[in-house]
Amino acid sequence: MEGGNVIVNGSPEYVRSCCEGSLRRLGVDYIDLYYQHRIDTTVPIEDTMGELKKLVQEGKIKYIGLSEASVDTIRRAHAVHPITAVQMEWSLWTREIEQQIIPTCR
């Protein structure tokens, strides 16, 4: 956060530094499920996923998840590396994901 504003950064360098920082703070060798919680629209998702894929190949991450991603982003990300989990708001009042997101994930 900078000045109370959340910073969204999907650059490969930032993704790697965050993951490695989490590993150090947690004192573990790998993270079971690592989420890209916000999608950086200034960085192609393919670049972000490419770095996450490298972290999987290095054994630092087992699985990748996305939060609040569009259908297009999910498809493009999954083309680089399989997405294991998608986190979205879904409730009796918020059912928009039933039209496209859920069928895409299936």
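Remember, predicted model here, so these are calculated numbers, not experimental data. (Residues numbered from 1 in each chain as written. Predicted model: local features only at pLDDT ≥ 70, side-chain atom pairs only at ≥ 80, totals over all residues. Heavy atoms only, no water.)

Assigned secondary structure in the chain consists of four helices and three strands. Helices and strands appear in the chain in the N-to-C order α-β-α-β-α-β-α. The C-alpha atoms of the chain give a radius of gyration of 14 Å, which matches the 13 Å a tight globule of 106 residues would have. Dimensions of the chain, computed from C-alpha atoms along their principal axes, come out at roughly 40 × 35 × 25 Å. (Helix = DSSP H or I, 4+ residues; strand = E, 2+ residues; numbered from the N terminus. Rg over C-alpha atoms; globule rule 2.2 N^0.38 Å.)

When the UniProt feature table is mapped onto this chain, "domain: NADP-dependent oxidoreductase" (unreviewed entry) is found at residues 7-106. Its end C-alpha atoms 31 Å apart, residues 7-106 is made of 43% helix and 16% strand. (UniProt positions renumbered as here; feature names shortened; annotations may be inferred.)

Once that is clear, we can look at helix H3 (residues 71-80). All of the buried residues along H3 are Val 71, Thr 73, Ile 74 and Ala 77. For H3, the buried positions fall inside an angular range of 160 degrees around the axis, keeping them on one side. Of the residues in H3, the exposed ones pointing more than 90 degrees away from the buried face are Arg 75 and Ala 79. Contacts from the buried residues of H3 go to helix H2 (45-57), strand E2 (61-67), strand E3 (85-87) and helix H4 (101-105). (Buried < 20%, exposed > 50% of the residue type's maximum accessible area, 1.4 Å probe, protein only. Arc of directions from axis to C-beta. Contact = heavy atoms within 4.5 Å.)

Further remarks concern the pairing of strand E1 (residues 31-36). Consecutive residues of a regular strand have side chains that alternate between opposite faces of the sheet. Taken together, the five bridges between E1 and E2 define a ladder with parallel strand orientation. Note that in E2 the partner of Tyr 35 across the bridge is Gly 65. This β-α-β element, E1 to H2 to E2, shows right-handed connectivity. (Pairing = 2+ DSSP bridges. Right-handed = clockwise from strand over helix to strand, strands pointing away.)

Moving on, we get to the pairing of E2. Counted residue by residue, E2 has five buried out of seven residues, so it is predominantly covered. Regarding the hand of the β-α-β motif, the stretch spanning E2, H3 and E3 is right-handed.

The subject of this paragraph is the environment of Lys 60. Position of Lys 60 relative to the elements: it lies in the loop between H2 and E2. The class of Lys 60 is partly exposed, set by a relative accessible area of 21%. Considered as a pair, Lys 60 and Val 28 are 32 residues apart in the sequence and their alpha carbons are 9.1 Å apart. Here Lys 60 is in contact with Arg 16, Glu 20, Leu 23, Asp 29, Tyr 30, Ile 31 and Leu 55, once residues within four sequence places are set aside. A polar contact of 2.7 Å, which involves the side chain of Lys 60, links it to the side chain of Glu 20. (Polar contact = N/O pair within 3.5 Å; in protein donor to acceptor, adjacent residues only side chain to side chain.)

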